[in-house]
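Residues per chain, in single letters:
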Amino acid sequence: MKKNLTRNGALLASSALVAAFGAPSLVMAQAATPVAAVALSHELPADPENPDQVSQTPATQLGDIVVLGRNIPQPNRQSAEVAAFLTTEDLQRTGDSTAAAALTRVTGLSIVDGRFVYVRGLGERYSSALLNGSPLPSPEPLQRVVPLDLFPSSILAGVTVQKSYSPNYPGEFGGGVIDLRTVDAPTEPFLTFKAGVGGNTETTARDNLVYYGSDTDWTGFDDETRKVPGRIAQAFRLGKQINSANVSAEELQAMGRSLVNAPLRLMQRQQTPVDGSLELAGGFRTPTEIGDLGVIAVAGYDNAWRTREAVQEKAQFEGDILKPVSPKDVESNQNDVRLNLLGGLSLTHGDHEVKWTNLYVRTTTKRARISSGPDFDAGDSVIRNDYTEWFVRQLFSSQLTGEHYFGADGAWKLDWRAAYAKTSRDAPYESRFQYGVDGQGRLIHNVQGNQISFSELDDKVWSGGADLAYNLPMAAGREATVSVGASTLDNTRSAERHDLQFEAVNGLTDSQRRARIDYLFSDYNINPWTLQLREIAGSNGANAYDADLKVNAVYAMIDAEFVPTVRTTFGVRFEDGRQSVTPRDLFGGTSSYEATEIKEQYWLPSFTATWNFAEDQQLRFGASKTIGRPQFRELAPQAYTDPESDRVFIGNPYLTDTEILNLDARWEWYFGRQQFVTAGVFYKTLDRPVEAMIVDVGNQRQQSFLNAPEATVMGAEFEVKKYFEFADQAAFIANKRWLVQANYTWSDSEISVGENDTVITLSGAGAPQPARAFLQDGSRLQGQSEHVANLQLGWEDDTARSQATLILNYVSERITARGAGLYEAREPDYVQEPGAFLDFVYRKDFTLKGRDLGFALELRNLLGTGFEEYQEKGNRIRINKYDLGQSASVSLTARF
């Protein structure tokens, strides 16, 4: 009898078993007559950091057994789930500088705010990000999910995006799980140095807003100019509100004069320089008495500038039509400096390997901006607000992992991991100064609009886990893998904000109101009868909270081929979770807000079947139950102004978890090496999904959150990758391997709101309210785009050592927030239309004086697509609109 098998990994000639990381072993009866022997040609990864590449091993005699699926890439063999993989080759081809940008090339993924990845239209709260399998904290006040723009692509060996759930991953899974894999020690020593410059048409070589800051701002570190002054810092620590009731006039004067003046308040214009970047990477592996020692190190520095000239409008009904009110012109210029350091050690001895990976990323944003326009609260008089800001985001992660094989032929496998990660966000001297206009059209100070804020956020994660697997031989060369595991996570967050203001005790004279900003706030005017410092807000827990999330989990899973040609993976995960958010009074009093606590236990089953029904073809089906938890800030009932959107956010302590049912199916055909076609469909139901909504608080608009009753998401995905060679054409064409790669995702979502459904909002103080007052039955989920598409056209020339790729990304409109108002008076939703982005990347390697060098040219946003968020009913209200400009960069890499 002739038998065809697809194996899971390495070939064991004595038993005719091929194992490819848990991929299906395929047995199919094909003929009644026996065959003496069949030659086999196996393809295994040529480079472990680029698993799409395969290499031929010599033919092997295995009697009447033939291995199929030689073109299936190793990651797809390894995973039993519906998944997508970014390899080192993919990252190099697209030239994307961060993990967030690189993931926009994956089927069904889109990026929001340049930082957060949406999988299949579901917001970042429905996806989890892991670093080498360990969870990460977030430095963002509004999110618990780490922003992926923190991770430069140079530290990554690849990225796995798993879209169907398996119990070995955390239960917070709606769109998918994103596992970032850092580079590992190489088999051959290497050392590279890279330098690059770039610019943007909206920014570079133009006169833009700046403020001085400190001498060392260009490094991403200031020289302690922004350090909280000693007396003010002491008052913060003691919980002593800074005002005339608690502090003497003499002390208030000293505190006010201790605040840095002109370097942090006076805005100017200067020509913006070019962007620049440096990167150094190296690694080696060497034998020692206790095993092979591997070392990897990557260091990078990036300095970039971006200018925005935006229009921001608010909407107001005039009959049944929206009209724009309070239009504002907003100009901003920001300098982003990123420093990243990666260091890793590995020790390999036989069937045992231990790794220690450390990552540090620091991103600093220095921004000057002006917002000017009529203000509703001021009777539509023109108000101008000037802002100077400095935001520091840091991430440090230290992870220890181990992989061990035991028993005969390595039948037992133990994986373990332990990690500590900390992120922080520090925003000292976040300043606002306000102006009005006098009768002669001159700017005059509105001193009551000045504010200086100091805010800090610290987020820590301790995590650990272990997975034990046993390979159990079955009949006809098949096998089953039984896995069990346990994990724990402890995520804590502390956030607080102090707002200071100078009060004009006896008003200002005309000359003071017209004075330059640093003259007005000079020491001469800071005294008990002119300008006096005070701390505003902060009472009743309005500006501080502590949060905690603890999750303990265990799981069991079986991966086996009970039926020939069909691989089944099924299991269940049990999670015990407790999440709390506790508002805190900055001054030691009792907060008027009660602590929010969500304690839940879940059994989360999953099932996946993979049918290898033909040569290099697979059909996958998956079903699972997962959850989504509210994020810390969504539960905290305090106002927070997002500097990116100028929008005020406030949490809702009455939010609950979301429960999700996931169904997936996908067909895969790998018709050649690194070439494939896939097509899939998915369907999800979400019970109590979290939605953002706009609420009117007086004359101010805020964005809050609620649990919608129910929603469904469905869609289809398609991807193709094909290489073409034209040997009989002209040399320019014949010498190249031409690439066409495309993917497209169509998805649709719908919120279901019944007559008797209720929601609980912050304004309702815990009392149920009719859901139809806030939500429209049949509307789309927030963040979900109907169309997401990517196209790559390019060539590779091994003779010329060059590569070029034209990259197109398109994302259709999506809802960013529900419109304000109730029932029929509700405004249309806020909508963003990302549009189409066209990039070009060219790379060429060459040798100069015996040195290997690499040149790269990157052209971004060739179509000049801008950013627009709007409402539309009769008129189009520009909530936020600005041009992004086109960008270009060149870099040179030296290899030693």
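Residues numbered from 1 in each chain as written. Predicted model: local features only at pLDDT ≥ 70, side-chain atom pairs only at ≥ 80, totals over all residues. Heavy atoms only, no water.

## Thoughts on the overall build of the chain
Our working rule: Strands here are runs of E lasting at least two residues and helices are runs of H or I lasting at least four, both read from the DSSP assignment and numbered beginning at the N terminus. Any residue under 20% of the maximum accessible area for its type is buried, any over 50% is exposed, and the rest in between are partly exposed; the area is computed with a 1.4 Å probe on protein chains only. The contact definition used throughout considers only heavy atoms, calling two residues in contact when any of these lie within 4.5 Å. Where accessible areas are quoted, they stem from the Shrake-Rupley method and a 1.4 Å probe; at the residue level, only the protein chains shown are allowed to cover.
Across its full length, the chain holds 10 helices and 51 strands. Within the span of the chain, comprising 896 residues, buried residues form 56% of the whole. The long-range share in the chain, meaning contacts at least 24 apart out of those at least 6 apart in sequence, stands at 71%. Working note: accessible area of the chain is about 36400 Å², and carbon and sulfur atoms make up 55% of it.

## As for unusual backbone geometry
One non-glycine residue, alanine 205, adopts positive backbone phi at about 65°. Within the element layout of this structure, alanine 205 appears in the loop between strand E16 (190-200) and strand E17 (207-211). Positive phi, close to 75°, is recorded for threonine 565, a residue that is not glycine. Within the element layout of this structure, threonine 565 appears in the loop between strand E29 (544-563) and strand E30 (566-583).

## Describing the packing of aromatic side chains
In this description, an aromatic ring pair is defined by two values, namely the gap between the centres and the angle between the planes. Rules: Any pair of Phe, Tyr and Trp rings, taking the six-membered ring for Trp, is counted once the centres come within 6.5 Å. Such a pair is stacked with planes under 30 degrees apart, edge-to-face with planes over 60 apart, and tilted for the rest. Here, a charge over a ring is recorded when the distance from Lys NZ or Arg CZ to the ring centre is within 6 Å and its angle to the ring normal is within 35 degrees.
By the definition in use, this model includes 16 aromatic pairs. Here tyrosine 670 and phenylalanine 676 contribute two aromatic rings whose centre-to-centre distance is 6.0 Å and whose plane-to-plane angle is 55°, an arrangement assigned as tilted. Since its relative accessible area comes to 2%, tyrosine 670 is described here as buried. An aromatic cluster of three or more residues is present, and its members are Phe236, Tyr429 and Phe454. Here lysine 722 stacks its cationic end above the ring of phenylalanine 724, 5.5 Å away from the centre of that ring. Over the ring of tryptophan 795 we find lysine 736, and its NZ or CZ is 4.8 Å from the ring centre.

## Overview of the side chain of glutamate 430
Following the sequence through the fold, glutamate 430 ends up in strand E24 (residues 412-437). With sequence-adjacent residues up to four places away left out, glutamate 430 is seen in contact with Thr388, Glu389, Phe391, Gln451, Ile452, Ser453, Ser455 and Arg497.

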